[in-house]
Amino acid sequence: MTSSNGSLLLVAACALLDADGRVLLSRRPQGKPQAGLWEFPGGKVEPAETPEQAVVRELREELGVEPCERCLQPFAFASQPMSDGRQILMPLYVCRRWDGFPDPKEGQKIAWARPTELDRFDMPAPDVPLAAELRDRLSGARVLD
Ligand SMILES: Nc1nc2c([nH]c(=O)n2[C@H]2C[C@H](O)[C@@H](COP(=O)(O)OP(=O)(O)OP(=O)(O)O)O2)c(=O)[nH]1
């Protein structure tokens, strides 16, 4: 936990977008909390790390890819209560350029999903509105209801 506010969990995540506009999702492996759910690659921001540095580190560790920090575009954030009483604060970046080929390094499965298909994946609660925002802003469609 890096935040000076002990009730916050700061997690930074990234939607990698390929040339066809598909989004990379990663399935949380067995042994981790919320195993089996599909999420955006990322993880907890370590002490003295910026969210951008955390994303670069996690993409390297989890997928063996190297984005440049300036290719990380702030997209949206989630802020939701967690079951342990803390609040998760999760900035989501999008990234269209990186070095390397995404290769799961931690036993996780990965999938490339069209923005309009994201709602077919079971995700942690904070990711659901972020996935909807990706669908709306990346597919050019906006559902009015
Ligand atoms: N990476 C990631 N974590 C997410 C997402 N949505 C979401 O609620 N989370 C939660 C799950 C965990 O409670 C927390 C991140 O934990 P983590 O286990 O991925 O982070 P980490 O790699 O730094 O953890 P650790 O195993 O080193 O302790 O954020 C998401 O889209 N991506």
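Everything numeric in this text was worked out from a predicted model, so none of it was measured.

(A) Here's a closer look at the sheet that holds strand S2 (residues 23-27). Pairing is antiparallel in the open sheet, where three strands are placed in the order S3-S2-S9. Two strands close off the open sheet at either side, each with one partner strand: strand S3 (38-39) and strand S9 (109-113). As defined by bridge partners, S2 adjoins S3 across two bridges and the pair is classed as antiparallel. By the bridge assignment for S3, Ser26 is matched with Glu39.

(B) Just the nonpolar core, in detail. Of all hydrophobic cores here, the largest spans 22 residues; its most connected members are Ala15, Leu25, Phe40, Met90, Leu92, Leu118 and Leu134. Setting aside anything within four residues of it in sequence, one finds Leu134 in contact with Ala15, Phe40, Phe75, Leu92, Val94, Pro115, Leu118 and Ser139. One finds Ala12, Val56, Leu72 and Cys95 within the second-largest nonpolar core, a separate group that totals 16 residues.

(C) Representation of helix H1 (residues 51-63) within the structure. Across its 13 residues, H1 extends 17 Å between first and last C-alpha, which sits within 8% of the 18 Å expected from 1.5 Å per residue. Within H1, burial applies to Ala54, Val55, Val56, Arg57, Glu58, Leu59, Glu62 and Leu63. Considering only its buried residues, H1 is in contact with strand S1 (8-16), S2, strand S4 (42-44), strand S5 (66-67), strand S7 (87-95) and S9. Just downstream of H1 lies Gly64, where phi reads positive at about 70°.

(D) Quick look at the packing of aromatic side chains. Using the criterion set out here, one finds two aromatic pairs in the structure. Taking the centre distance of 5.3 Å and the plane angle of 80° together, the rings of Trp38 and Phe121 count as edge-to-face. Taken together, the positions of Trp38 in strand S3 and Phe121 in the loop between S9 and helix H2 (127-138) put the pair 83 residues apart, joining distant regions of the chain. A relative accessible area of 21% means that Phe121 is categorised as partly exposed. Centre to centre, the rings of Trp98 and Trp112 are 6.3 Å apart; their planes meet at 15°, and the pair counts as stacked. Of this pair, Trp98 sits in strand S8 (residues 98-99) while Trp112 sits in strand S9, and the two are 14 residues apart along the sequence. Given a relative accessible area of 27%, Trp112 falls into the partly exposed group. Between the NZ or CZ atom of Arg137 and the centre of the ring of Phe75, over which it lies, the distance is 3.9 Å.

(E) Up close: the environment of Ala111. Note on placement: Ala111 falls in strand S9. You can call Ala111 buried: its relative accessible area is 16%. Placed 49 residues apart in sequence, Ala111 and Glu62 show a C-alpha to C-alpha distance of 14 Å. Leave out the neighbours within four places in its chain, and Ala111 touches Val23, Leu24, Leu25, Trp38 and Phe121.

Conventions we followed
Every chain begins its residue count from 1, and numbering advances along the sequence as written. Per-residue local features are limited, in this predicted model, to residues with pLDDT of at least 70; the limit for side-chain atom pairs, both in listing and counting, is 80 or more; totals at the level of whole chains, interfaces and linings are taken over all residues. Values shown for side chains rest on all heavy atoms present in the structure; no hydrogens or waters enter the calculation. Here, a strand pair is defined by DSSP locating no fewer than two bridges between the strands. Elements are defined by DSSP. Helices are runs of H or I of four residues or more, strands are runs of E of two residues or more, and each kind is numbered from the N terminus. Among buried residues, the Ala, Val, Leu, Ile, Met, Phe, Trp, Tyr and Cys ones that are joined through side-chain atoms within 4.5 Å form a nonpolar core. Per-residue accessibility, obtained with a 1.4 Å probe over protein chains only, is compared with the maximum for each type, and a residue is labelled buried under 20%, exposed over 50%, and partly exposed between these values. Any two residues whose heavy atoms approach within 4.5 Å at even a single point are treated as in contact. Each helix should span, by expectation, one fewer than its residue count multiplied by 1.5 Å. Pairing of aromatic rings covers Phe, Tyr and Trp, the last counted by its six-membered ring, and requires centre-to-centre distances within 6.5 Å; plane angles under 30 degrees mean stacked, over 60 mean edge-to-face, and any other angle means tilted. Lysine NZ or arginine CZ positioned within 6 Å of the ring centre and within 35 degrees of the ring normal marks a charge as sitting over the ring.

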